[in-house]
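Summary of structural features
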Amino acid sequence: MYCSKCGKHLPDDAVFCVACGCAVGGQNVQKNNNQSFDSSIELNTLSQRLNTNGIIWLVIGVLQILGGLFVNWFLLIVGVLNIVSSFQDMKNSKRLLEKPNGIVAKFEPITGPVITLIYNLVIGGVIGVVGSIYYFVAIRNYVMENKQFFASLDAEDK
């Protein structure tokens, strides 16, 4: 058996992968050394993380708008931008499950997220950095770790 997350060889009685900690069972295990993944697991994970990112940005945006009303009006601008971004992420998390193409092309570029990080740090305060860190660690890093799999979804559509 091989772990579907990292591809490491597993003992037959394994409950968790010793390499990555992924739970082993049924659809998470491969019976041969084929590195193909169960697309529903990978896509659902990415969709959930993208939805969580949307919720994080929604909370950050609301806090920034409140800060804009009481502290500095610049926070209003950043707060509105972050709320718009949050709704796009939540919408895209659902669309991703229906039409999973272009995932690598969407998440591989780093310029947009870095700009978001900078304007949140400079104008929106430290609270906006939390959303950027989550994006880089939980979403972009996940897509890059599974780049070959997500790129294969584009090949299937052609």
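Reading the values: the criteria
Residues numbered from 1 in each chain as written. Predicted model: local features only at pLDDT ≥ 70, side-chain atom pairs only at ≥ 80, totals over all residues. Heavy atoms only, no water. Helix = DSSP H or I, 4+ residues; strand = E, 2+ residues; numbered from the N terminus. Buried < 20%, exposed > 50% of the residue type's maximum accessible area, 1.4 Å probe, protein only. Contact = heavy atoms within 4.5 Å. Salt bridge = Lys/Arg side-chain N within 4 Å of Asp/Glu carboxyl O. pLDDT = per-residue confidence, 0-100. Expected span 1.5 Å × (residues − 1). Bend = angle between axes of the 7 residues up to and from the residue. 1 Å grid on protein atoms, 1.4 Å probe; cavity = no way out; pocket = protein on both sides within 12 Å on 5 of 7 lines; lining within 4 Å. Points joined across faces, edges and corners; volume = space filled by probe spheres on them. Nonpolar A, V, L, I, M, F, W, Y, C, P; charged D, E, K, R; others polar. Patch = residues over 30% accessible without salt bridge, like charges linked within 9 Å, V, L, I, M, F, W, Y side chains within 5 Å. Areas by Shrake-Rupley, 256 points an atom, 1.4 Å probe, with all protein chains shown as cover. Phe/Tyr/Trp six-rings, centres within 6.5 Å; stacked < 30°, edge-to-face > 60°. Lys NZ or Arg CZ within 6 Å of the ring centre and 35° of its normal.

**Digging into the overall build of the chain**
Check the secondary structure of the chain and you find six helices and two strands. Moving toward the C terminus, one meets the helices and strands of the chain in the order β-β-α-α-α-α-α-α. Across the 158 residues that make up the chain, the buried fraction comes to 37%. Contacts in the chain between residues far apart in sequence, at least 24 positions, make up 64% of those at least 6 positions apart.

**Describing the pattern of salt bridges**
Between side chains of opposite charge, a pair can form when the charged atoms approach closely. Going through the model one piece at a time under the given rule, you end up with one salt bridge. Taking the shortest distance from any N to any O, the salt bridge between K147 and E108 comes out at 2.6 Å. One end of the pair, K147, is in helix α6 (residues 147-157); the other, E108, is in the loop between α3 (103-107) and α4 (111-124), with 39 residues separating them in the sequence. Classification of K147 as partly exposed rests on a relative accessible area of 34%. A relative accessible area of 32% places E108 in the partly exposed class.

**Structural notes on the confidence of the model for the chain**
Summarising the model, the chain shows a mean pLDDT of 83, and 86% of its residues fall at 70 or more. Mean pLDDT across the secondary structure elements of the chain bottoms out at strand β2 (residues 29-30), with 41, and peaks at α3, with 93. For the stretch residues 27-37, pLDDT sits under 50, and the model shows 26 contacts to residues farther than four places along the chain or on other chains.

**Considerations on helix α5 (residues 127-145)**
With 19 residues, α5 ought to run about 27 Å at 1.5 Å a step, and its terminal C-alpha atoms sit 27 Å apart, in line with that. Its axis deflected by about 30° at F136, α5 carries its strongest bend there. Residues of α5 that are buried include every one of G128, V129, G131, S132, Y135, A138, I139, R140, Y142 and V143, and no others.

**With respect to the layout of surface pockets**
Taken as a whole, the largest pocket holds about 350 Å³ of empty space. S85, D89, P113, T116 and Y135 are, among the 16 residues lining the largest pocket, the residues nearest its centre. Within the lining of the largest pocket, the residues separate by chemical class into seven nonpolar, seven polar and two charged. By volume, the second largest pocket is sized at about 160 Å³. In this structure, the second largest pocket is lined by L50, N92, R95, L96, K99, N101, G102, I103, K106 and F107. If you list the elements that add at least two residues to the lining of the second largest pocket, you get α2 (74-98) and α3.

**Let's talk about α2**
Compared with the 36 Å implied by 1.5 Å per residue over 25 residues, the 37 Å span of α2 between its first and last C-alpha is a close match. Along α2, the positions that sit buried rather than exposed are L75, V78, G79, N82, I83, S86, D89, M90, N92, S93 and L96.

**Focus: a nonpolar patch on the surface**
A surface patch of nonpolar side chains, about 1000 Å² in accessible area, is lined by W73, F74, I77, L81, I110, V114, I118, L121, V122, I123 and V126. Of all the secondary structure elements, the ones that give two or more residues to the nonpolar patch are α2 and α4. Counting residues per element, the nonpolar patch draws most heavily on α4, at five residues. Relative to the helices and strands, V114 is located in helix α4.

**Observations regarding the packing of aromatic side chains**
Across all of its chains, the model carries five aromatic pairs by this definition. Ring geometry for Y135 versus F136: centroids 5.8 Å apart, planes at 75°, classification edge-to-face. Taking relative accessible area as the criterion, Y135 reaches 12% and is therefore assigned buried. Each residue in the set F107, Y135 and F136 is aromatic and connected to the rest through ring pairs, giving one cluster. Note that R49 overlies the ring of Y142, its terminal NZ or CZ placed 4.4 Å from the centroid. Residue placement shows K106 over the ring face of F107; its charged tip is 5.1 Å from the ring centre.

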